[in-house]
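In case you want the letters, here they are:
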Amino acid sequence: MKYYIMTQDKRLRNVVQLKDFPTDQEADFDSSYKEQVNDNTVLHTVEKDNSLYPDVLLAPLYIVEDKIYRVAMMYDETLIFKKVSLVNLERSTRKNYWLPLLDRVDCLHSESSFYKDQSVEHLVLDKEKVRGKEMFKIAGIKPNWVVVSMNIAESVLRREPFGVRFSEVEVR
């Protein structure tokens, strides 16, 4: 099975910003937060005339649009998502997203390599440890990449996502 890092397309400019959140830091939520995070959260946005809403918002909070949520749930009904409504009162807009609270999987292959600052130089996943996983985070590394199976990646791509990139991850 092939796996991909699913992220926001960094080439997009003028992406909607969350109010009162620092944009240079990424909040890190995983399945251990399932009891602490509300089932539905409202966050206010700062919008310009041509603000963009990609299907994956990366920072400061990794959230996905409804079509990606529905695809992920088609492949694994045990995944935990919490609803996040992005609201702009001045423009009377509301967009619904989902915060994935994913398991961290200890799945680094011994051939993964790291720079001196512990950032990832070359990522390799252990195929035995990711077998059967559809969507997860990798334990023990930064950044907080969301990894999806080829099943999810292909299904998302068939739905013509906006502002989403997939990068294949080596699996051995």
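Examining the environment of I152
Structurally, the position occupied by I152 is in helix α3 (residues 150-158). Placed 17 residues apart in sequence, I152 and M135 show a C-alpha to C-alpha distance of 8.0 Å. When residues no more than four places from it in sequence are discounted, the contact partners of I152 are V71, A72, Y75, E134 and M135.

Topic: the sheet that holds strand β2 (residues 17-18)
Read across the open sheet, the six strands follow the order β2-β3-β6-β7-β5-β4; overall the sheet is mixed. Sheet topology places β2 and β4 (56-57) at the edges, where each strand pairs with a single neighbour. Relative to strand β7 (residues 93-101), strand β5 (residues 63-65) is paired through two bridges, and the arrangement is antiparallel. Residue pairing for β7: V64 is matched across the bridge by W98. Sheet strands in contact with helix α1 (residues 66-75) are β4, β5, β6 (80-88) and β7, and its direction is about 95 degrees off that of β5.

So, the side chain of S155
Along the polypeptide, S155 turns up in helix α3. Residues contacting S155, with those up to four places away along its chain left out, are V71, M74 and Y75.

Structural notes on the pairing of strand β14 (residues 164-171)
With six bridges connecting them, strand β1 (residues 3-8) and β14 associate as antiparallel partners. Directly across from Y4, in β14, lies its bridge partner E168. Sheet topology note: the strand β11 (residues 124-125)/β14 ladder contains two bridges and is parallel. Bridge pairing in β14 links L125 to V171.

Each value, and the rule that gives it
- Residues numbered from 1 in each chain as written.
- Predicted model: local features only at pLDDT ≥ 70, side-chain atom pairs only at ≥ 80, totals over all residues.
- Heavy atoms only, no water.
- Helix = DSSP H or I, 4+ residues; strand = E, 2+ residues; numbered from the N terminus.
- Contact = heavy atoms within 4.5 Å.
- Pairing = 2+ DSSP bridges.
- Axes fitted to C-alpha atoms, helices over the stretch in contact; angles between N-to-C directions.

The values are spatial; any link to function lies outside them.
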